[in-house]
Amino acid sequence: MLLSGALLVPLGLAGCDPERDGPPEELSAPTLNFAPMTSDEKLLPEQPMLEDSWNISPTDEHPLAVLVSRTLAQERDLFVITREQPRGIAVPIDPATTGLAVDRHAATVGVLASTVVDAEHRQQLWSSADLADWTAVEVTGIDREIAAFGGGIVASAVNGRTVAVWELPADGTAAALTALEVPEGVEWEVLDVARNNAAIVLLVTARDAAGTEAPAILASQDSGATWAEPQVLPDDGKDAVAMSVSPLGEGFVVIGSHEPASDDGAYMRPTAWVSPDGTSFTQEEIPLPAFGLDGWTRSGEKIPVDDPIDWGSFGASPAVVDAKTGTVHFAAILEDDCRCATRSAEGTWTVSDMGDFVGHTLTHGAATPDSQILLGETSTYAREGGGGSLALGLPFTIGRNYIRLIHDVHNGIDAVIQGYRSFVDKSSTHSSTSVASNLGVSIRDGGFVLAEDFPQQVEEWDWGRVHRLPDGVEILSGREEDEDGNGQLLSLARGDGEWVDTEGLEIPGLYMLGSTSIVGETSYLSGAGTIADQDGSALGGIKVLSSSDGLTWEQVGSGPDSPSEDPAFGGGGYITTVTSVDGVLIGLGTAVAEHGLNRAATFVLTVGVWTPRVIEDIPPGLNFGFPYPVGDAVHVLAAGYDRVYHGVLAADGSCTRTYLSSDQEQRDMLTDLGGGALLASGWSRTASAFGACVWASRDGGETWAATVLPEHEGRFPRVDLARDGEDVVVIAEHDDAPVGFKIIGAQKAVLPDTGSEG
């Protein structure tokens, strides 16, 4: 059955225009049937996954609050967390809700809950003044994915290089305002929106063609009838990021972080930008608080009790505004320490003294001088503003990832679900550590099951991965740090018997581990360890290992002698996987330039040396993934920043582009079924297909059709494909547990009229 419509677009591998990024006209499409697969309940976390949170400004009608949304088994909930109700009061949204946006500063708080049905966007507006009693109305007039909601103004996500804007009154009847067009050569991510009388400010992250990012604002002074040119927020440091814009008096305040120009430790600090009317913004410095404890050390050095905390990165949370007093507050977080940063009505910033440490690693918070509502790694907490006892709140799970590096279904371990827990040492050293928690996953009997043969010692390995080699050999890999903090590669292998140690599978100073690849009868595993530059700074050291049996490994080639002599490799480089074209071994990896922007690069093995070549055609920030064959050619994929590049690899390491995704559609790695039939995982954000999908082509990639996965309209997990004989397994990699489907007789499903085999 064809779900949610289908989109057929000639953005393929042959006969395509490589300069065109968007989809053309719609045509008829192949029909794909998805047979559901089961998922073992043992794979699910004990508590729902934390999805998102929003800080709510206090008013006369309601206190400081945080709205917390969680997801489990594709059902979503929403709770209001306050100091008096740390476990939360439920907001009765539809569990099938796929998108939420919150108007969080008004006297009446609004929650815009979205679903997608047959590619049609539907919304309900939930409203409450006291955060206890909620009413809902159906919304009309909004036909796009929502990115931000504030001051009764709704802004869409970028789609077709435009941002749509609406005014949304309490009755739910949206009125369209003037849309914004993204300038050529720039990408936007919509972060937040705020209104103050007739002034509207839209906050975005702007990224240029070189990959440089900066926060920017789009302002209207006439209620959205016209918009001024984009304005990048001024920054006296570097690497600025912004997270919220809020109304303040007659103007606005933006809260974010940056690395101050005077900071030699490369630590991020909270910062703010203020405007009296939204037309121009001035950056304001926020002071660092004193640590406040005597007799503590960090990295072997004493922490002065009254000195500012200049040895760690402080995280800033979105602001809340007290409209009565004209003050702004936000939670400044360092590990388990939360301080309240306050801007007075006169414009002076202060940060509170130390209260009581939470004792748990914090990820988010909302703070005023009277209250703190905090999110740790397992639950919410609430307490008075000056510290004191914590009230345990709503439980949740964070930090789980489904990691799969195998292309075919087999009888062993197929993937790893990895989670992390961080712990703060509350002794005098004040240090933090993290511990991994890994689960092995196997695909058996038509579903995903917990791998009972997953070795116990691997359960706490960092970077837990499973690799599949020829002749049924499996390798489990991971990482640990020695006493000096240097990374070491861990590994176990098995064929038909027990797990055993490998020989020679070593990467000193390991900080990056790639995936295994098979060329002929030889397996390759690549990674990177640190090497010292002339001035002692760390650079990426290329390391490629090979094996004929998976048990004994040896190094293949060496990296460039002096990568820092080439500006493109001033920060080093690394190889993530290895392939071959016309008998020439080629590494696919990354060049780290002196300015820190990653570039996709190939490394041709020439006389024992991996010779690097930056692929200029691939946008900055995109990194190579797996190579894949289509016919006799080797195709490559690079991904990042929600963009995907496909190209054909040549023996000299050059690439010829065949595809670049857009903000409306994306195709990931292709599966060649033969006879011109191709499948690709990905997503579509078009008028006929909106969600995670499988793309199909009947003509070798000249035209493509998108079919949304069942129950995935409006949902966008990463999708993977795995060959299982004549069938293809489709894996939607949700954070809580995988959701799977099977395409029976995949080639015939794509080519039903010909039944060709190839």
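You'll find the structure just up there.
So, here is what we can say about the structure in this document. The model shown is predicted, which means the values in this text are computed figures rather than measured ones.

Criteria and thresholds
Residues numbered from 1 in each chain as written. Predicted model: local features only at pLDDT ≥ 70, side-chain atom pairs only at ≥ 80, totals over all residues. Heavy atoms only, no water. Helix = DSSP H or I, 4+ residues; strand = E, 2+ residues; numbered from the N terminus. Buried < 20%, exposed > 50% of the residue type's maximum accessible area, 1.4 Å probe, protein only. Contact = heavy atoms within 4.5 Å. Pairing = 2+ DSSP bridges. Axes fitted to C-alpha atoms, helices over the stretch in contact; angles between N-to-C directions. Core = buried A, V, L, I, M, F, W, Y, C linked by side-chain atoms within 4.5 Å. Patch = residues over 30% accessible without salt bridge, like charges linked within 9 Å, V, L, I, M, F, W, Y side chains within 5 Å. Areas by Shrake-Rupley, 256 points an atom, 1.4 Å probe, with all protein chains shown as cover. Salt bridge = Lys/Arg side-chain N within 4 Å of Asp/Glu carboxyl O. Lys, Arg positive; Asp, Glu negative; His and termini not counted. Charge placed at Lys NZ, Arg CZ, Asp CG, Glu CD. Polar contact = N/O pair within 3.5 Å; in protein donor to acceptor, adjacent residues only side chain to side chain. 1 Å grid on protein atoms, 1.4 Å probe; cavity = no way out; pocket = protein on both sides within 12 Å on 5 of 7 lines; lining within 4 Å. Points joined across faces, edges and corners; volume = space filled by probe spheres on them. Nonpolar A, V, L, I, M, F, W, Y, C, P; charged D, E, K, R; others polar. Disulfide = S-S within 2.5 Å.

1. Comments concerning the side chain of T671
For T671, the position within the fold is in strand β59 (residues 665-674). Taking relative accessible area as the criterion, T671 reaches 12% and is therefore assigned buried. For T671, the contacting residues outside a window of four places in its chain are A677, L678, L679, L721 and R723.

2. Let's talk about the sheet that holds strand β33 (residues 364-367)
On the basis of which strands lie adjacent, the open sheet formed by four strands has the order β33-β34-β35-β36 and antiparallel pairing. At either end of the open sheet lies a strand with only one pairing partner, and these are β33 and β36 (387-395). Taken over all neighbouring pairs, the strand axes of this sheet differ in orientation by 20° on average, direction set aside. The pairing of strand β34 (residues 371-375) with strand β35 (residues 379-384) spans five bridges and is antiparallel. Paired with L374 across the bridge in β35 is Y381.

3. Quick word on the nonpolar core
Among the nonpolar cores identified, the biggest contains 23 residues, and I255, F291, V328, F330 and W349 are the most heavily contacted of them. Of all elements in the fold, only β23 (251-259), β24 (269-275), β30 (327-334) and β32 (349-351) reach the threshold of two or more residues within this core. In contact with W349, other than residues within four places in its own chain, are I255, A272, E284, E285, I286, P287, V328, F330, A341, T342 and R343. Listed in part, the 21 residues of the second largest apolar core include A692, L721, V728 and V739.

4. Quick look at a negative patch on the surface
A contiguous patch of negative charge, built from D294, D306, D307 and D310, is present on the exposed surface. Turning to its location among the elements, D294 is positioned in the loop between β25 (282-285) and β26 (297-298). You can call D294 exposed: its relative accessible area is 56%.

5. Some details on the environment of I142
Within the secondary structure layout, I142 lies in the loop between β11 (135-139) and β12 (146-150). Judged by relative accessible area, I142 falls into the buried class, the value being 4%. Sequence-wise, I142 and A175 are 33 residues apart; in three dimensions their C-alpha atoms are separated by 8.4 Å. Excluding anything up to four places from it in sequence, I142 contacts L112, H121, Q123, V154, W166 and A174.

6. Details of the side chain of K543
Looking at the secondary structure, you find K543 in strand β48 (residues 538-547). E506 provides the closest opposite charge to the buried, salt-bridge-free K543, at an N-O distance of 7.0 Å. Within the structure, K543 has its side chain in polar contact with the side chain of Q555 (distance 2.9 Å). Leaving out residues up to four positions away in the same chain, K543 has contacts with E506, I507, P508, L525, S526, G527 and Q555.

7. With respect to the sheet that holds strand β15 (residues 165-167)
Two orientations exist for strands paired in a sheet by backbone hydrogen bonds: parallel and antiparallel. The four strands lie next to each other as β12-β13-β15-β16, forming an open sheet whose pairing is antiparallel. If you trace the sheet from one side to the other, it starts and ends with β12 and β16 (175-176), each paired once.

8. A short note on the environment of A73
Position of A73 among the secondary structure elements: in the loop between β5 (65-72) and β6 (75-81). When its relative accessible area of 48% is taken as the criterion, A73 is described as partly exposed. Spatially, the C-alpha atom of A73 lies 9.4 Å from that of M49, the residues being 24 residues apart in sequence.

9. What about the layout of surface pockets?
Left-over empty space is what a probe sized like a water molecule reveals as it rolls over the atoms. Quantified by volume, the second largest pocket comes out at close to 700 Å³. H407, D408, P627, Y628 and P629 are the residues nearest the centre of the second largest pocket, which is lined by 28 residues in total. Those elements that place two or more of their residues in the lining of the second largest pocket are β46 (517-519), β50 (573-581), β55 (628-630), β56 (633-640), β59 and β63 (718-724). In the lining of the second largest pocket, the residues fall into 15 nonpolar, eight polar and five charged.

10. Brief notes about the state of the cysteines
Following the criterion strictly, the structure yields zero disulfides and no others. The closest cysteine sulfur to the non-disulfide-bonded C338 is located on C340, 7.6 Å from its own sulfur. Note on C338: relative accessible area 4%, which makes it buried.

11. Structural notes on unusual backbone geometry
Unusually for a residue other than glycine, A73 sits at a positive phi of about 50°. For D642, which is not a glycine, the phi torsion comes out positive at approximately 60°. Owing to a relative accessible area of 64%, D642 belongs among the exposed residues under this scheme.

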